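A closer look at the structure
If you want the building blocks of each chain, they are given just below.
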Amino acid sequence: MGLRDRLAADEILVAPGVYDGLTAALASQAGFEALYLSGAAVAYTRLGRPDIGLSTSSEMADTMALIADRVALPVIIDADTGFGNALNAQRTMRLYERAGASALQVEDQTYPKRCGHLSDKTLIPRSEMAGKIAAMADARASDDTLIIARTDAIAVEGFDAALERAEAYVTAGADALFIEAPRSRDQMTRITDQFAGRLPLLANMVEGGATPISTASELQELGFSIAIFPGGIVRALARTAQDYYASLHAHGSNTPFKQRMFDFDGLNDVIGTDAMLAEGRKWEGADG
Ligand SMILES: C[C@](O)(C(=O)O)[C@H](CC(=O)O)C(=O)O
């Protein structure tokens, strides 16, 4: 089922953050129906740096293509600001679409951007963002590639201005809305009161961020259609990796950490080694 049809269903779509083939495979094996390729998770892991617009669109497209090659699930990709003006955003649309994205999320910050839950964000004018959305819609090869318009205005211009921007982005052709970093349950309800039923609404669960953390079913109850948990996987893995390196450094051996690790066969199961080798054998001697 395409993402557009899936979003028409009543049940909320939970898209966990991923940043490479392994996390995509693990999320798919856990049973998720869609993935969120998080710019933050890519910056945290590939660069070891904050989500402040340092990653390039090519790095993201590369990652997108690796994930599309590994799993068959629809992927929502974080397109940040589109990497410039309307023309840059059009190029980003074409690049990410070719790499296999099912939806692009684009935001109204200036370029370079920063994580929506950091302070001191700055925005482009509303009309410029509306133009960017329309330009992206015009550039896409398929109408099934969705545009999720994000506004970061709550922290910059206030809540009412954020709703006004969101209205303008709907008019410009957004397929779904992402109003970033509402600060209370009350603000979340005001968002769903205004937009639920008109187009899908995305809620962003950032551990320790500005928005109260809710479960997927609570978000569904409020009227959201998509819940992303973008950076959680990196927070979990970074904690484990820190403990792992400390243990190896202290003991000169992985044995004390054994219970928290896959062994050789365990990891091979996760990455599908047997199935791949069998597939390879199928083609041996294929000349007849
Ligand atoms: C959604 C987000 O754009 C992302 O890159 O995943 C980030 C998430 C984060 O920083 O943890 C965001 O700006 O909210």
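Conventions and cut-offs
- Residues numbered from 1 in each chain as written.
- Predicted model: local features only at pLDDT ≥ 70, side-chain atom pairs only at ≥ 80, totals over all residues.
- Heavy atoms only, no water.
- 1 Å grid on protein atoms, 1.4 Å probe; cavity = no way out; pocket = protein on both sides within 12 Å on 5 of 7 lines; lining within 4 Å.
- Points joined across faces, edges and corners; volume = space filled by probe spheres on them.
- Helix = DSSP H or I, 4+ residues; strand = E, 2+ residues; numbered from the N terminus.
- Nonpolar A, V, L, I, M, F, W, Y, C, P; charged D, E, K, R; others polar.
- pLDDT = per-residue confidence, 0-100.
- Axes fitted to C-alpha atoms, helices over the stretch in contact; angles between N-to-C directions.
- Parallel < 35°, antiparallel > 145°, perpendicular 65-115°, else oblique.
- Left-handed = near helix turned anticlockwise from the far one by under 90°.
- Contact = heavy atoms within 4.5 Å.

With that settled, the discussion passes to the layout of surface pockets. In this structure, the largest pocket spans a volume of roughly 530 Å³. Lining the largest pocket are 19 residues, with Leu-22, Leu-237, Thr-240, Ala-241 and Phe-262 positioned closest to its centre. Taken together, the elements giving at least two residues each to the lining of the largest pocket come down to α2 (21-30), α11 (232-251) and α12 (264-271). In the lining of the largest pocket, the residues fall into 15 nonpolar, three polar and one charged.

Right, let's get into empty space enclosed by the protein. By the definition in use, this model includes three cavities of 30 Å³ or more. Of the pockets and cavities examined, the largest cavity occupies roughly 140 Å³. Lining the largest cavity are 19 residues, and of these Ala-40, Asp-51, Asn-204, Val-206 and Pro-230 sit closest to its centre. Along its surface, the second largest cavity is lined by Phe-178, Ile-179, Glu-180, Ala-181, Pro-182, Met-188, Ile-191, Leu-202, Ala-203, Asn-204, Thr-211 and Phe-224. Residue assignment for the lining of the second largest cavity shows that the elements contributing at least two residues are β6 (176-179), α9 (185-195) and β7 (202-204). When residues of the lining of the second largest cavity are assigned to their parent elements, the largest contribution, three residues, is made by β7. Across the lining of the second largest cavity, the residue classes break down as nine nonpolar, two polar and one charged.

Per-residue confidence for the protein gives a mean pLDDT of 97; residues scoring 70 or more make up 99%. Scoring the predicted complex yields pTM 0.97 and, for the interface, ipTM 0.96.

As a further point, take the packing of helix α4 (residues 57-70) against helix α5 (residues 86-99). Angle between the axes and distance between the axes are the two parameters that describe a pair of packed helices. Between α4 and α5, whose axes approach to 8 Å, the crossing angle comes to 20 degrees. Classified by the angle their axes make, α4 and α5 are roughly parallel. With respect to the hand of their crossing, α4 and α5 are arranged in right-handed fashion. Here Ser-57, Met-60, Ala-61, Met-64, Ala-65 and Ala-68 of α4 lie close against α5, whose contacting residues are Leu-95, Tyr-96 and Ala-99. Per-class residue counts for the contact of α4 with α5 are eight nonpolar, one polar and no charged.

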